[in-house]
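Breakdown of the fold
Here's the letter readout for the chains.
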Amino acid sequence: MFFQNYLLVFVFKLFVVDSQFSYSNNGIEDDLSASEDPEYGKLTGDVQNWAAIIQNYILQSASDLINKDLTQELFDLANYTVEAKNGEEVVNEVKATLSDYFAKKQEAAIRIANKAIELYDYNLTSSDRKWEKYSGVHELGPEYYRDSDVPDLLPPDMIFSTYFKQKVSFNESIVKISDEIPRNDMETIKTVMYTKGLDDIFKHNKDDDSSLRWQYFGSSTGLMRLYPAREWDTNFAGFYNDYDPRVRNWYIAATSGPKDVVIIIDCSLSMKGKKFDIAKSIAKAVIDTLTSHDYVNVICARASHWDEVGKSQSFQTEVLSCQQNRIVQATMAHRRDLKEKVSELSAGGTSELERAFELAFDLLNSNQRTACQSIIVFITDGQDSDGETVRCGEGYYTRSGYVPGPICIYNWTKVWELTAERNKNLIPSARIFSYLTIDDGEELPGHLACDNNGSFKKLTDGENLISKMSNYYEFLSSSTYSKEQGLWTSPYIDSGNLGLTITYAVPAISKINKKLIGVAAVDATLEEIENILTQHQWGDVYSFLINKQGEAIFHPALSSRQNIMEDPIVVSITKLEQDNYGNPSEFNDLLKNMISGSDGKIQIKNANRLLPKKNVQPATYYYASLTKSDYSFAYSLSDTDMSFREISEPSDLSKYKKSYFNLLIEYNSSKAREELPNEFEILQVKINETKYPGLRVSYPYSSIFFAPNVYCDPNSYFYDDDLASKTVDAHNYINSHIFNKSFVDGGCEVDLKYKKGTRAYVLISQPIESYWNRRPSESVKEVKWTYVGMRSGVFRTYPGHRSNRLYNPVSRSWYKRALNSQTKTTLSSPYLDAAGAGKIITISQAVFEGMQDVSKEFCESLNTTRKPGGCHCMRGEDCESGVCYVSKAKGTETHLPRCATNRLIGVTGTDLGYNDFQTKIMEKMKSSDGKKSCGHKYKCPNGLDECETRCYLFDTNAILIVAPEFIKEKDLEEKKYSQVNLGMVEGEIMKDLIYRQGFLRRIENIDFSGTCTISPYQPKVTLEGIPINPEDQDNYYKNRGPIPSFQNEYGCIQDAVRYSVNESVLGEYQSKILIGNISGPCMSGFYYVAALPKTNLFLLVIENWEDKKGSFFYNFNCKITRNIVNSGNFQLINGTCAHQDLTSKTMREEQKCPVLRQVNIPCTYNGHRIETINFICFLFSFILTFF
């Protein structure tokens, strides 16, 4: 599949150029002539009529089933308070909160490091060498030794923690020992024993900061002590995953500092076999120990030659990354890309190293680099000849026969001289670490290493490379001074299942022998940081967080940080806040101030803001740096965000009835029966109804669900598994107007559970329940759910049922769709219901914030063609919101229509069974002649073949809403009916609408945090074959077995392609019909496209549709036609090629490099030992210290 997508990129280029690809009639004149044919164009009037009928049916269904007008009236009549917002005050409050958050993590890590130093140095000088009494760690006993890989050695008191999402023990720590480390080694035994003394510090840190996640100490011996204790993860086969702290990014970043690394692999023929396997293992080991603070590239060195019979063999020295002119940031994607390309290498060609080292120095001198440390890792067998089959001349013929060219003998002197000359001019100069594979050719690699302040080593196998390459890793861990202060890492995926994480890591260096002991670290999750930032957002305000490199750590335009599969490629904030032309340019000033650590504000006239309807508008950015961290954050506010209207509780609470929390079964718990007697019986909960298999529902009542952002502490309360208490608390809160009339909703500052104003949304939406409940049973026969999702995160749905704890109405596609098309009734693509009700389709409508009471004089004084909310209007075009209606809201002349406000309070919708909806739609499209109705078959114009009339509904993104094929698909086969692009079904028509009609426009972006699958997606189902319901989904993370399921998904770089309708093609009121005559490799027919202007839909009707897909055994042209106009996210095989590094200055130029340490490096080859001193490091240290 990946190959096909890659191939289609090339085919697409050709296909666009030749727009006449197998089309018999593809121009406007052809369409007109075709319409004159008596067999074509006969349905124009019918299509116009069908579009009107379907639109009326949808609007009437929405009115009858949702009654949005009633919901709008409830919010129009609600009380509102206007709160003036001060951006500077908000930023100062968030700065104090986040600065304290980061500072506590840093203090905790420093305490761990200091204690580790104390324990190590004590054992170093102590005469009591008690570890020598043991022959292996298994003899130590639980006093010192708990092992995360040995079930019998796990703490006996492990309990499930919702905060860590697994079973843990808070009473003690545990060790994780790398598979490469012998458990009977004396250093291993000693490290296990002395690190046990960290337990008291771990517990003290936890008591001091309740938000702490994992605390750990990674030892230089290759083991880690972790708190709280947990069992390590297993792979699909049930074996514990290996983990060596010394190769993790937090360890390497804390001990080595930023660096530029070029790996040169001798790819000549003499390396063939085991030698080349070792070389590739070394290269991959080096790549694995790099972090996103580093830059890297790999060179395969070789050249063309002739063989012994005179045949030319073509090879060349090549840079493996597709970014061949520079070193690339060592992100997960770039590292994986380089490792894959290294794995694919095979030995061949003659030795040619001069060009390789020339390229290496060019790369190390490129603009995109750190310029802090330069390192070349050179891997070779050291042979100056590649054998009899490799010749450096073409050869010639004599009377006696063919004479081969001379055997290639390489002159290493040229390489030494070039390296010396280029390294002399490189700042900082490169150290060369040479590795000889098996053979005895030490002269070349040894000379290069020892003459360039490096180290040489011979390796005879590729096992336990971390230990065998100790010369390289020990240098990295001892080369910098300033790392003793610790640092925050770039975001990465936590191995402990807590999602995207950043780590504060502090190296622990002995005060006695000055050796690196290990690294102390404390984690912080991006989820928590996002919660702090988003809790202070309101209206259209949004926030973002960047590091000192200007990279976006959190931004609403980034992929969901909860669902990300692998360490992300961190993109510059400019990619998210500026267009492709660098506008607005004023944002560069903001970025400069944020990177420098300043606080303040800046106004941008044409800010590129993330809004659903209008991106470019004036905005003020309030920004601040975080004390004791590498981060800065900002809030983006429009002029209208300076004040914010929020609903408040009704004055008269007596008319509001009781509401019920969504965890219906918990009303039957012993706690609820004691504190809320008879409520379970009142609910009349039904289970496993025909309409709702496997679900519990309450027909008399709707239910209330709170999204995570409703809670004051989303993490602790959202993962609360005491569901009975959670239900009782929520029930008492939302019904306190009945149980406790003196109750005042004080919000997080008072009860620490729910945000202030949450109950107001529950109360104001309550009366709609009675309407939903009174609807005639026949009209709701195929209605699954009816609901209103409110901007606060409160979700009311009927009939009452449980929602998945991850559910958030504001993030659902039906909510966003209505938000983007506020003036229209919107329909979704069919999808598998999250609550377990099968294949459904959603009709949704926007509900506006209640109108403001504005005077007639104020409205008339405005010098604008579009009026704000509350002003009188004649039609939607008179209003900023695009909506004009009669409202009971306070104001003058309320009997006249007025403009809706420009902000939404929520979205109301209903879910219908898809199959019934499609059947009714198709039944409404009857042709006037009775012969060419939708779905009818008849003779084609040629009188021989069978044709039919095909009908589709698609939305503004060319996604099919109704298609004849969908009704046949099983509910669980969601990929076959949900988010299906028009081009995948009718590729020729889609192409015509794009390239000839100009009706559809292609939009393309690169997603650096995409998700790809190994095999097609399959939904989670029960043993009975029905979708897992919300209750089972919520409990999966704690009830799952010890062996994980096969991981079908993996992170990848994707080309995100979508299409957007150009509505202007249909005229001002979308009254025009597009027509075209198509004859392509998949089908032929005459098509019509008409708008349903009050919805987000368009009707496509194809007259005389004839199937041509089966005209060949495999219709390759048809496959191409459909794929080139398909939308979706497609994996980029060389996706890293699309990543642009916008860095204009090196870290050295910005004076951000750590001070380097004077290091003595032993270097030996051919029996000669050379002790080199890192004069360059010393000089660099001197310069940074005194200048």
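Criteria and thresholds
- Residues numbered from 1 in each chain as written.
- Predicted model: local features only at pLDDT ≥ 70, side-chain atom pairs only at ≥ 80, totals over all residues.
- Heavy atoms only, no water.
- Salt bridge = Lys/Arg side-chain N within 4 Å of Asp/Glu carboxyl O.
- Helix = DSSP H or I, 4+ residues; strand = E, 2+ residues; numbered from the N terminus.
- Buried < 20%, exposed > 50% of the residue type's maximum accessible area, 1.4 Å probe, protein only.
- Pairing = 2+ DSSP bridges.
- Axes fitted to C-alpha atoms, helices over the stretch in contact; angles between N-to-C directions.
- Contact = heavy atoms within 4.5 Å.
- Parallel < 35°, antiparallel > 145°, perpendicular 65-115°, else oblique.
- Left-handed = near helix turned anticlockwise from the far one by under 90°.
- Nonpolar A, V, L, I, M, F, W, Y, C, P; charged D, E, K, R; others polar.
- Polar contact = N/O pair within 3.5 Å; in protein donor to acceptor, adjacent residues only side chain to side chain.
- Disulfide = S-S within 2.5 Å.
- Phe/Tyr/Trp six-rings, centres within 6.5 Å; stacked < 30°, edge-to-face > 60°.
- Lys NZ or Arg CZ within 6 Å of the ring centre and 35° of its normal.
- pLDDT = per-residue confidence, 0-100.

**Structural notes on the pattern of salt bridges**
- Applying the stated criterion across every chain yields a total of 50 salt bridges.
- Of the charged contacts, one joins E88 and K601 as a salt bridge, the two residues approaching to 3.9 Å between their closest N and O atoms. Remark: K601 occurs in strand β25 (residues 600-608) and E88 occurs in helix α5 (residues 87-125); sequence separation between them is 513 residues.
- Between D233 and R230 there is a salt bridge whose closest N-O contact spans 3.5 Å.
- A relative accessible area of 21% places D233 in the partly exposed class.
- Put simply, R146, E172, K196 and D199 are held in one network by salt bridges that share partners.

**Some remarks on the sheet that holds β25**
- The strand order across the open sheet formed by five strands is β24-β23-β27-β26-β25, and the pairing between neighbours is antiparallel. On the outer flanks of this sheet lie β24 (552-554) and β25, each paired with one strand and no other. Averaged over all neighbouring strand pairs, the angle between strand axes comes to 35°, with direction disregarded.
- Packing of α5 onto the sheet brings it into contact with β25, β26 (616-625) and β27 (631-638), and relative to β27 it is tilted by some 155°.

**Digging into the packing of α5 against helix α16 (residues 526-534)**
- Taken N-terminus to C-terminus, the directions of α5 and α16 make an angle of 165°; their axes are 10 Å apart at the nearest point. The pairing of α5 with α16 is recorded here as roughly antiparallel in orientation. Every pair of crossing elements has a handedness; the one defined by α5 and α16 is right-handed. Only E528, I529, I532 and L533 of α16 make contact with α5, whose side of the interface consists of V94, T97, L98, Y101 and F102.
- A per-class count over the contact of α5 with α16 returns seven nonpolar, one polar and one charged.

**With respect to the side chain of S625**
- Relative to the helices and strands, S625 is located in strand β26.
- Polar side-chain contacts of S625 include one of 2.9 Å to the backbone oxygen of G597.
- Those residues in contact with S625 that lie beyond four places of it in its chain are K95, K548, G597, S598, D599, Y631 and S632.

**A short note on the state of the cysteines**
- A full pass over the atoms with the stated rule returns eleven disulfides.
- Note that C392 is cross-linked by a disulfide to C408, the S-S spacing being 1.9 Å. Taking the sign of the torsion about the S-S bond as the criterion, the disulfide between C392 and C408, at about 120°, is right-handed. Of this pair, C392 sits in the loop between β14 (374-380) and β15 (396-398) while C408 is found in the loop between β16 (401-403) and α12 (412-425), placing the two residues 16 residues apart along the sequence.
- Using a relative accessible area of 46% as the deciding quantity, one classes C392 as partly exposed.
- With a sulfur-sulfur separation of 2.1 Å, C712 is cross-linked through a disulfide to C748. Given an S-S torsion of about -95°, the disulfide between C712 and C748 has left-handed geometry. Of the two residues, C712 is situated in the loop between β31 (703-706) and α21 (714-718) and C748 in the loop between α23 (736-739) and α24 (758-765); the sequence distance between them amounts to 36 residues.

**Focus: the environment of I264**
- Mapping I264 onto the fold places it in strand β8 (residues 260-266).
- Since its relative accessible area comes to 0%, I264 is described here as buried.
- C-alpha of I264 to C-alpha of T380: the two residues are 116 residues apart in sequence and 8.6 Å apart in space.
- Those residues in contact with I264 that sit more than four places away from it in its chain are I299, A301, A356, F357, A360, I376, V377, F378 and I379.

**Remarks on the packing of aromatic side chains**
- Taken as a whole, this structure holds 44 aromatic pairs when the rule is applied.
- Relative to F587, the ring of F544 has its centre 6.3 Å away and its plane inclined at 50°; by these criteria the two rings are tilted. Of this pair, F544 sits in strand β23 (residues 542-547) while F587 sits in helix α18 (residues 586-595); the two residues are 43 residues apart in sequence, bridging distant segments of the chain.
- Assessed through its relative accessible area of 0%, F544 is described here as buried.
- F587 sits in the buried class, given a relative accessible area of 1%.
- Between F633 and Y635 the ring centres are 6.0 Å apart and the planes differ by 90°, which places this aromatic pair in the edge-to-face class.
- In this structure F633 comes out as buried when scored by relative accessible area, which is 0%.
- One aromatic cluster in this structure is built from F705, Y787, F795, Y807, W814 and Y815.
- When the ring centre of F170 is taken as reference, the NZ or CZ atom of K206 above it lies at 5.0 Å.
- The lysine or arginine in question, R950, covers the ring of W1105, its NZ or CZ lying 4.4 Å from the ring centre.

**Considerations on the confidence of the model for the chain**
- The predicted model of the chain has a mean per-residue pLDDT of 84, with 86% of residues at 70 or higher.
- No element of the chain has a lower mean pLDDT than helix α32 (residues 1175-1186), which averages 36, and none a higher one than strand β33 (residues 794-798), which averages 97.
- In this model residues 1-36 is a low-confidence stretch, pLDDT under 50, and it forms 56 contacts with partners more than four residues away in sequence or in other chains.
- Ignoring residues within four places in sequence, the model shows residues 1171-1187, a span with pLDDT below 50, making 34 contacts including any to other chains.

**Things to note about helix α8 (residues 249-256)**
- Counting buried positions along α8 gives eight out of eight residues, so the element sits mostly inside the fold.
- The set of residues buried in α8 consists of N249, W250, Y251, I252, A253, A254, T255 and S256.
- G257 sits one or two positions beyond α8 and adopts a positive phi of about 75°.

**Some words on unusual backbone geometry**
- Here the bond from Y227 into P228 is cis, since omega is -5°, no more than 30 degrees from zero.
- Summarising the element assignment, P228 is placed in the loop between β6 (223-227) and β7 (229-230).
- Cis geometry is found at the peptide bond from Y798 to P799, where omega equals -10°.
- Among the structural elements, P799 can be located in the loop between β33 and α26 (813-820).
- Backbone geometry places N453, a non-glycine residue, at a positive phi of 55°.
- Note that N453 resides in the loop between α13 (443-450) and β18 (455-459).

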